[in-house]
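Inside the fold
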Amino acid sequence: MIVVAENEFTLEGDDFKMGEVEYEMVELLRRLNINRPVALTLACLSKGEEISSQCIEMVSGLRQPEVSIAMRYLRENDWVYIREEKKNQGKGRPVKLYKLTVRMETIIDSIEENVMAESRTVLQNIERLKSLS
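This write-up is about the structure you can find in this document. (Residues numbered from 1 in each chain as written. Predicted model: local features only at pLDDT ≥ 70, side-chain atom pairs only at ≥ 80, totals over all residues. Heavy atoms only, no water.)

What about the overall build of the protein?
Across its full length, the protein carries five helices and five strands. Each helix (α) and strand (β) of the protein, taken in turn from the N terminus, gives the series β-β-α-α-β-α-α-β-β-α. Nonlocal contacts in the protein, meaning residues at least 24 apart in sequence, comprise 45% of its contacts between residues at least 6 apart. If you sum the accessible surface of the protein, you get close to 9200 Å²; carbon and sulfur atoms cover 48% of it. (Helix = DSSP H or I, 4+ residues; strand = E, 2+ residues; numbered from the N terminus. Contact = heavy atoms within 4.5 Å. Areas by Shrake-Rupley, 256 points an atom, 1.4 Å probe, with all protein chains shown as cover.)

A look at the nonpolar core
Core analysis: the biggest nonpolar cluster contains 27 residues, and Met18, Leu42, Leu45, Ile56, Met71, Leu74 and Ile107 have the highest contact counts within it. Of all the elements in the fold, those that place two or more residues in this core are helix H1 (20–31), helix H2 (36–45), helix H3 (53–60), helix H4 (64–76), strand S5 (95–100) and helix H5 (104–132). The element contributing the most residues to this core is H2, with seven residues. (Core = buried A, V, L, I, M, F, W, Y, C linked by side-chain atoms within 4.5 Å. Buried < 20%, exposed > 50% of the residue type's maximum accessible area, 1.4 Å probe, protein only.)

So, the sheet that holds S5
With antiparallel pairing, the three strands of this open sheet are ordered in space as S3-S5-S4. Two strands close off the open sheet at either side, each with one partner strand: strand S3 (51–52) and strand S4 (80–85). Pairing analysis gives two bridges linking S3 to S5, with the strands arranged antiparallel. Of the residues in S5, the one forming a bridge with Ser52 is Leu97. (Pairing = 2+ DSSP bridges.)

Right, dumping it as structure tokens:
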């Protein structure tokens, strides 16, 4: 059973839980135009633990295709390492395990750079409009 912890993301056995800090992180990332699946996935990975796709789904409430889309974005930015592990029993696809390859501070710095660049472009457009009027 997945339960939200009071103040922090916790790992107990194989159970991951998101707390207030992670939910605030998601909200702030969303305000910076990071899409919901990426924001939730980053919050799940933010403590640096290796976790499975299924665990991300259960903790975040995302569906499998949404986790895959988020992982594609994280891979394109070289922010996540993916490891496949064969199942101990039964048939089927290997379990994918994910872990951030960089610290959250590095990811935040990258997001900040993108936001600043977008803001400069908007300001340049406003200045150009002023000069045209």
